[in-house]
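Below, each chain spelled out in residue letters.
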Amino acid sequence: MSEPLIEAREVSRQFESVEGSIKVLQGVDLCINPGNTISIQGESGSGKSTLLNILAGLDRPDGGSVVWGSSDIANQSSSKLARIRASLIGMVFQSYYLVPELRALENVMLGGRISGMNTDLKERSKALLEKVGLGERMASLPATLSGGERQRVAIARALISEPKVLLADEPTGNLDEATGDSVMGMLQALCVDANVALVLVTHNTNYAARMDSAWILRQGVLEKGS
Ligand SMILES: Nc1ncnc2c1ncn2[C@@H]1O[C@H](COP(=O)(O)OP(=O)(O)O)[C@@H](O)[C@H]1O
Ligand SMILES: [Mg+2]
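All of these numbers come straight from a predicted model, not from anything done at the bench. (Residues numbered from 1 in each chain as written. Chains lettered and ligands numbered in written order. Predicted model: local features only at pLDDT ≥ 70, side-chain atom pairs only at ≥ 80, totals over all residues. Heavy atoms only, no water.)

1. Description of the sheet that holds strand S1 (residues 6-17)
Inference 1: Sheet architecture is open: 4 strands sit in the order S2-S1-S4-S5, paired in antiparallel fashion. Edge strands, defined here as strands with exactly one partner in the open sheet, are strand S2 (20-32) and strand S5 (71-72).
Inference 2: In this structure, S1 lies alongside strand S4 (residues 63-68), joined through 5 bridges in antiparallel fashion. For Arg 9, the partnering residue across the bridge sits in S4 and is Ser 65.
Inference 3: Lying over the sheet, helix H1 (residues 48-55) contacts S1, S2 and S4, oriented at roughly 55 degrees with respect to S2. (Pairing = 2+ DSSP bridges. Helix = DSSP H or I, 4+ residues; strand = E, 2+ residues; numbered from the N terminus. Contact = heavy atoms within 4.5 Å. Axes fitted to C-alpha atoms, helices over the stretch in contact; angles between N-to-C directions.)

Laid out in structure tokens, this is it:
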């Protein structure tokens, strides 16, 4: 079998607060293999976003390690990490985080530009927007798009750099049920199509159960879900 894309080994993370230190992660192990789909559920505040940030190398664990391919990322400079991250990882968030001044097409192209994926960028961005059902809305500004449409743009932006892993943090959290279902269906289909591994943080038990493996973050550790 090929090596994991990302591996968390005994990862711990705590934050200092006025009430003292909060132990958020207390020994998380997780292995993301090529093309695998993984769900992570857990109560609000259980550390799901913290874990995704650590997997993405945007936050550093206090203990344990994160390995990308065969490299422990602890000893790498943030500029080198940013360069590797750009080709390894795409991210999607609950609140979309589109650039409000940029049209849908420009938002997607920006994702490619940041990752250095400039070849045929405009054509590839258009094709991807068509694939997510926004062929008619490429010139629209985010404020004129619905929540579901904004998330589709954000998904296209995340995938334009052809990442190997997509980290999705409650991607349907701000959407009504029917819109969430359709965005989720599209997200999963795109990942399967392009053999992109998907780590899905969600409160939706049905979406979670559709992944190859399901986990629940409880008291700082990942427990096997159903
Ligand atoms: N940068 C930070 N500084 C202090 N506390 C934080 C920080 N990030 C997260 N926390 C705390 O860590 C806990 C887990 O947060 P988070 O990972 O956002 O949970 P979830 O995504 O599961 O809702 C919360 O108690 C939160 O307040
Ligand atoms: Mg969160």
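2. Things to note about the sheet that holds strand S3 (residues 37-41)
Inference 1: Pairing is mixed across the open sheet formed by 6 strands, whose spatial order is S6-S7-S8-S3-S9-S10. The open sheet has two free edges, formed respectively by strand S6 (89-93) and strand S10 (221-224), since each of these has just one partner strand. Neighbour-to-neighbour, the strand axes of this sheet turn through a mean angle of 20 degrees, independent of strand direction.
Inference 2: As paired strands, S6 and strand S7 (residues 165-169) are joined by 5 bridges and run parallel to one another. Within S7, the position partnered with Phe 93 by the bridge is Asp 169.
Inference 3: Across the sheet, helix H5 (residues 147-159) touches S6 and S7, and the angle it forms with S6 is around 170 degrees.
Inference 4: Against the sheet, helix H6 (residues 177-193) contacts S7 and strand S8 (197-201), and its axis sits at roughly 155 degrees relative to S8.

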